[in-house]
Amino acid sequence: MTKYDLIIIGAGPAAYTASIYASRYKLRHIVVGEKLGGLAIETDKICNFPSEEEISGINLIKKMEKQVKNLKINILNSKIIDIKETEDGFYSTTENEEKINSKTVLLATGTKSRKLEINDENKFIGRGISYCATCDALFYQNKNVAVIGGSDSAQVASLYLSKIAKRVYQIYRKDKLRGDPTWIEQIKKNKKIDVIYNNNVQKLMGDKTLDGIILERPYQGNKSLEIDGLFVKIGSTPNGLLPNKLKLDQDKQGYINVDNSQQTSLRRVWAAGDVTTASNKFKQIITACSEGAIAAESIFNFIQKNQ
Ligand code: NDP
């Protein structure tokens, strides 16, 4: 069995950047990711990644993936479901029972969309409830939709949906949207978007498919809102499976604590990207890339010292 210097778990910006650096450092490594790009692919417009004035998340990630593939790095599209420490490394097990042996591990496992945790939410997933506007907007051509949330993901989703849907209601629990002022300015100027402040969804309506929601407080005199689609964009939570299996130090919300070199509390294990507490918890593609680069350099130094 091949023994890799490094297994990179994840297939988002942190993972691909780490792989590019690891290739330069001649680290024998493999990238194993369940879902191309992680949450970054859900953004239709990225305007703050240097050298790309405007690009969609999926296209940016595809470029990163292409760069890694051109370096002849093995990318395995699978989920790691178990990881066990050995005397001098780790055995990672994929969902297809493949075992991967490596001296070190980089977790770049990202986050998953936060759910509303409201009655019938699961019942309506794929039947009116979505967590990804770029994936599902086309189902709502000329229909009324709502977006929940008041930060960048919600703003970007509302702006994208406004090009396709008839009307977009953005429901936010506070009185002032937060995040990137450029998105907020565009939301305010957009005649197809109504922002409903100081409000929340109380109840989902519909038989087999969603056809409306009940708000906590009346909007224009009415608590019910007829919509065909509800996009939940209320942030994300870290993927905890592998950090828990490895018993890594995490903060209260489950983000992995790392030091300046992206090293976790466990020897031979590093973490990078949205799953960590690093970069002041500023969850951006550029900070994920940076963390991936730092981790790769630190792993290179470790391997050199411990040959
Ligand atoms: P955030 O954590 O920034 O925001 C989550 C939003 O959802 C907040 O407005 C929050 O309210 C609200 N919320 C959370 N829980 C609930 C709930 N249970 N019910 C109702 N509302 C709730 O997450 P985002 O995904 O928006 O952004 C994450 C990171 O990704 C940020 O760093 C952002 O800059 C980045 N990003 C950048 C994009 C771009 O530039 N193209 C696009 C998307 C994301 P409250 O404000 O009260 O906390």
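Residues numbered from 1 in each chain as written. Predicted model: local features only at pLDDT ≥ 70, side-chain atom pairs only at ≥ 80, totals over all residues. Heavy atoms only, no water.

Quick word on the sheet that holds strand 8 (residues 129–130)
Quick reminder of the rule: Two strands form a pair only when DSSP identifies at least two bridges running between them. Counting from the N terminus, the helices are DSSP H or I runs at least four residues long and the strands are E runs at least two residues long.
The strand order across the open sheet built from five strands is 8-15-9-10-11, with neighbouring strands paired in parallel fashion. On the outer flanks of this sheet lie strand 8 and strand 11 (193–196), each paired with one strand and no other. As paired elements, strand 10 (residues 167–171) and strand 11 share four bridges and run parallel to each other. In the sheet register, Val168 faces strand 11, and the bridge partner there is Ile193.

Looking at the pattern of salt bridges
For clarity, the cut-off: Salt bridge, as used here, is a side-chain nitrogen of Lys or Arg placed within 4 Å of a carboxyl oxygen of Asp or Glu. Only protein chains enter the area calculation, which uses a 1.4 Å probe; residues under 20% of their type maximum are buried, those over 50% are exposed, and those in between are partly exposed.
A complete count under the given rule lists 13 salt bridges for this structure. Two residues, Lys245 and Asp82, come together in a salt bridge whose shortest N-O distance is 3.5 Å. A residue pair is termed long-range when its members are at least 10 positions apart, and Lys245 in helix 7 (residues 241–245) and Asp82 in strand 4 (residues 80–86) qualify at 163 residues. A relative accessible area of 36% places Lys245 in the partly exposed class.

Describing the sheet that holds strand 13 (residues 210–219)
This is how the line gets drawn: Every axis in this analysis is a line fitted to C-alpha atoms, fitted for helices over the stretch in contact. Angles between the N-to-C directions lie between 0 and 180 degrees.
Sheet architecture is open: three strands sit in the order 12-13-14, paired in antiparallel fashion. With one partner strand each, in any of the chains shown, strand 12 (201–206) and strand 14 (222–226) form the two edges of the open sheet. Ignoring strand direction, the axes of neighbouring strands in this sheet form an average angle of 25°. Across four bridges, strand 13 lies against strand 14 in antiparallel orientation. When the bridges of strand 14 are listed, Ile213 appears paired with Leu225.

Quick look at the pairing of strand 10
Applied cut-off: Orienting the strands away from the viewer, one traces the path from the first strand over the helix to the second; a clockwise path indicates a right-handed crossover.
Most of strand 10 is tucked away: four of the five residues are buried. The sheet contact formed by strand 9 (residues 144–148) and strand 10 spans five bridges and is parallel. Looking across to strand 10, one finds that Val147 is bridged to Gln170. With helix 5 (residues 152–161) bridging strand 9 and the parallel strand 10, this β-α-β connection has right-handed handedness.

Concerning the state of the cysteines
What counts, and what does not: Any two cysteine sulfur atoms within 2.5 Å of one another count as a disulfide.
The tally for this structure, following the rule as stated, stands at one disulfide. Of all cysteine sulfurs in the structure, the one in Cys289 sits closest to Cys47, which takes part in no disulfide; the separation is 16 Å.

Digging into the packing of aromatic side chains
Given two aromatic rings, their pairing is described by the distance between the two centres and the angle made by the two planes. The cut-off we apply is this: Stacked, edge-to-face and tilted labels apply to pairs of Phe, Tyr and Trp rings (six-membered ring for Trp) whose centres lie within 6.5 Å, assigned for plane angles under 30 degrees, over 60, and everything in between, in that order.
Under the definition given, this model contains four aromatic pairs. Ring geometry for Trp270 versus Phe302: centroids 5.6 Å apart, planes at 70°, classification edge-to-face. With Trp270 in strand 17 (residues 269–271) and Phe302 in helix 8 (residues 285–305), this pair connects stretches of sequence that are 32 residues apart. Accessibility classification places Trp270 together with Phe302 in one group, the buried group.

Structural measurements only, silent on function.
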